[in-house]
Structures are given as C-alpha cells and as structure tokens.
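Here is what each chain is made of, one letter per residue.
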Amino acid sequence: MSCLDSKERRPASWRPETVCVHAGTHQDPVSGGVCTPIYSSSAYVHPHPQGENVYQRYFNTPNQRAVAAKLAALENGEAALVFGSGMAAISTVLLSFLGPNDHAVFQADLYGGTHHLVSSDLTRFGIGVSYARTLDEFRSAITARTRLIYVESPSNPLLRCVDLAGIGELGRKRKLVTVVDNTFATPVNQMPLKLGFEVVVHSGTKYLNGHSDMNCGAAIGSAAAIRRIRETAMNLGGSLDALACSQLERGLKTLALRVRQHNANAAGLAAFLSEHPAVLQVNYPGLPGHPDHAVASRQMRGFGGMLSFELRDARRVKQVLRRFQVVTPALSLGGIESLICVPAQTSHVKLSAAERASLGIRDGLMRVSVGIEAVDDLIEDFSFALQPAKGRQSSRARSVGCP
Ligand SMILES: *Cc1c(COP(=O)(O)O)cnc(C)c1O
C-alpha cells in the first residue's frame, strides 16, 4: 500500500459523521491509546520498512498520512496531501499543472489571496489567465493553450455558486484539470469530486480545523493527481508538521457535527436578517431569493455557515460593529465562534471603489461567519446591533481593547 493510499479503514457505506471520527485515525500500538500518537521525528531509519524514504517534506510521515486519509475519505478522493496553509495547497496545485505559455481560466470572484497569486506570480511566470463567472463564460474562455479551470463555490463574500457538475463535465470533455476551492462548503455540504472535479483544495485553517487556532491546507483527488502534485509539493516545501497534523485530525473528528450547527444557525440568522428593516439584502444560497439557490440546492446537502448582508445605510457600519456582544469583528472564518467583517475595508480594501462596485461589494456589505453558539443568542445580538443607537453611545457597546 502506498504511503498516500487512504483505503485502510473506509467501508464505502460509512456516513460522514463516522468517516470524521474513524477514517485514517489509528490506535497507538505501544499504549493501546485510541488516538493517533504524535510522531515528532524528523529523521526516519533507512532503509525504511515501508520501502520509501520517510520525511516530513515528503508528505509521508505517520501523522500526515493519518489526517490525509481522513480528508481523502471525507471528500471521496483516493489520496490527499496536507499543507502548512491554504495558500500553500493552492499555489502548489497550480504550479504542479501550469507552466510558461499555458493558460488557465479562473472564477472572477476569487478569494483575495488566490487572486493575488494569480494576478502577480502566475502572470510573472508567463502563465496566461482569464476570468469567468458562468458555465458559458468558462466554456468560451477556453483556448488551445488552456490546461486548467479553477472555481470557488460558494464564493466570497456574495456566496455565488457555479454549476460544478457542468464545469466538471466541461473539464473532462476538453481534457482540462479542474480544481475547486471547497473551503466555504466543506465536504459535509458539497462533494465536488463526485460531481466530476479532479482536485479539491481547502484552507483547513477555516472549517476543517474549525477552532480558529491553527493554519493549514489540503489538496484531495485521484491517486494519479495527488502523485503529480506531491512531486511539486516536495520541491516547494509547504508540508505540515506532526503536532499541527494531530490538531487538524482532532478538529476533523467533529466536522460533521459542527457543520450541521453552522448550517442551521446561518439559515436561522439569514431568515431573521431578511425581515429586518435596517437590512437591504441578504446573500445566503439557502434563501429562495438568492440568484443561485437552484444550483446550490442541486449540488449542496446544506447551505453552509457563511452569509453576507447589506445595510440600508452604509454610514452605520462602524456603529453596528461596535454594538455586538457575542459576535466578534474579525477576519477569517469557519471557526466555532461567530465573526463579522466588512469586505470593503478588509478582504477587498486593495481594490478601487469602482472595482468593488463592479463586483457588487458595496460599503455597507457585512460578511458573517456564523458560529455554533445558540442561534437565539446570535439573533438577539444582531437585533441589538442593528437597532438605531439612542443617544451618543450605547452602554452595552463593546470596549475594543487590543493586547
Ligand atoms: C482563507 C482562505 C484561503 C487561504 O487559506 P490560508 O489558510 O489563509 O492560506 C483560500 N481560500 C479560501 C476560500 C479561504 O477562505
């Protein structure tokens, strides 16, 4: 069995909750402990009983293999690699398949870090790039030099969804590598490999670990795709250490449980915000009025924990942010605690006002990573924050102190 093979403990009938707990995880042969031990060695004997050189940067230490096996099982892939960050996974995957004079088609509303990578480094290396939004746009952007299609669904911060089965089929027909960033949905809500995609990437920093206390990334796919990515990954060096692998493995054990609560809380909060007089519009794929509700319903089992909404009066953004007691104004997403941010001031601050407007990101847009707190507490918190402030400043206003 290859070091990257994940079939050890994975009956096909296991549901996601069981996969989360058991796939990849193995008992400690020395103590009988039920958790995968942390193997901290950076040097492994040679010749090695497995017949290959074991080394952290080769992505084949016991902790890397355990957590990769869990991720592969969750995404219905044959193999997986875990990285030191989401961007390490994304950059490695792109550089594994693209070279000078190649061309790739990217979704227009990409995660900011991915957008910077594409527009600066990929372009600098002579890789041609185009952007598209719909299946038709992706199809017409393909040229004789195109090698790869890259999408995110749902996207940040407007939660737009693209037709994954359609793009998967387009990629297969035209013999292109298809890559999807599944960070927002998680494999609990959406399984792109089953819809015909070749590679799934993640920022594991978000839902996979789920506790806002570590950075990591992942790439999952067929054994052949992961073998190809690993060759480049060993050169680029973005592997994850044993302690972090163990932490990610622990986080993944509760992924299905957490995501169920994220889904329910976001649906409840989206419904509340839709009715609120201070809110102009709510962007959540689970709402029947969302432009991509139909495609999201086809390809997602749950609509996720991310939503955004637009204040009727954009001048109130600062005041609203100050009034939260449960929700924290912060960057990042996917953790157990609810976070809120203003994309025009954070993730999209480097764009001009005109560029933001063309993407539909207005100054009053607020993005919420809905946590797993009691949904009634979240609704009360939003209800208070969105009330017109009486007097100069509320006594309940959070005192913002930085360490
Ligand atoms: C955060 C994020 C990334 C980058 O991940 P890091 O772990 O911060 O490197 C990529 N894609 C999406 C959708 C993200 O939210």
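Everything here concerns the structure above.
So, here's what we can say about the structure. (Residues numbered from 1 in each chain as written. Predicted model: local features only at pLDDT ≥ 70, side-chain atom pairs only at ≥ 80, totals over all residues. Heavy atoms only, no water.)

### Considerations on empty space enclosed by the protein
- Applying the stated criterion across every chain, the model contains 2 cavities of 30 Å³ or more.
- One number sums up the size of the second largest cavity: a volume of about 40 Å³.
- Along its surface, the second largest cavity is lined by P154, L159, F184, A185, M300, F303, G304, G305 and M306.
- Across the lining of the second largest cavity, the residue classes tally to 7 nonpolar, 2 polar and no charged. (1 Å grid on protein atoms, 1.4 Å probe; cavity = no way out; pocket = protein on both sides within 12 Å on 5 of 7 lines; lining within 4 Å. Points joined across faces, edges and corners; volume = space filled by probe spheres on them. Nonpolar A, V, L, I, M, F, W, Y, C, P; charged D, E, K, R; others polar.)

### Regarding the packing of aromatic side chains
- Counting across every chain of the model gives 6 aromatic pairs.
- Arranged with centres 6.5 Å apart and planes meeting at 75°, the rings of Y284 and F303 form a pair that is edge-to-face. Of this pair, Y284 sits in the loop between strand 8 (279-283) and helix 11 (293-299) while F303 sits in the loop between helix 11 and strand 9 (306-311), and the two are 19 residues apart along the sequence.
- Note on Y284: relative accessible area 2%, which makes it buried. (Phe/Tyr/Trp six-rings, centres within 6.5 Å; stacked < 30°, edge-to-face > 60°. Helix = DSSP H or I, 4+ residues; strand = E, 2+ residues; numbered from the N terminus. Buried < 20%, exposed > 50% of the residue type's maximum accessible area, 1.4 Å probe, protein only.)

### Remarks on the sheet that holds strand 7 (residues 217-221)
- Within the open sheet, the 7 strands sit side by side as 1-7-6-5-4-2-3. Their pairing is mixed. What marks the edges here is a single partner per strand, and that holds for strand 1 (79-83) and strand 3 (128-132). If you compare each strand with its neighbour and ignore which way they point, the axes differ by 20° on average.
- Sitting on the sheet, helix 3 (residues 86-97) touches strand 1, strand 2 (103-107), strand 4 (146-152), strand 5 (177-181), strand 6 (199-203) and strand 7, and the angle it makes with strand 6 is about 155°. (Pairing = 2+ DSSP bridges. Axes fitted to C-alpha atoms, helices over the stretch in contact; angles between N-to-C directions. Contact = heavy atoms within 4.5 Å.)

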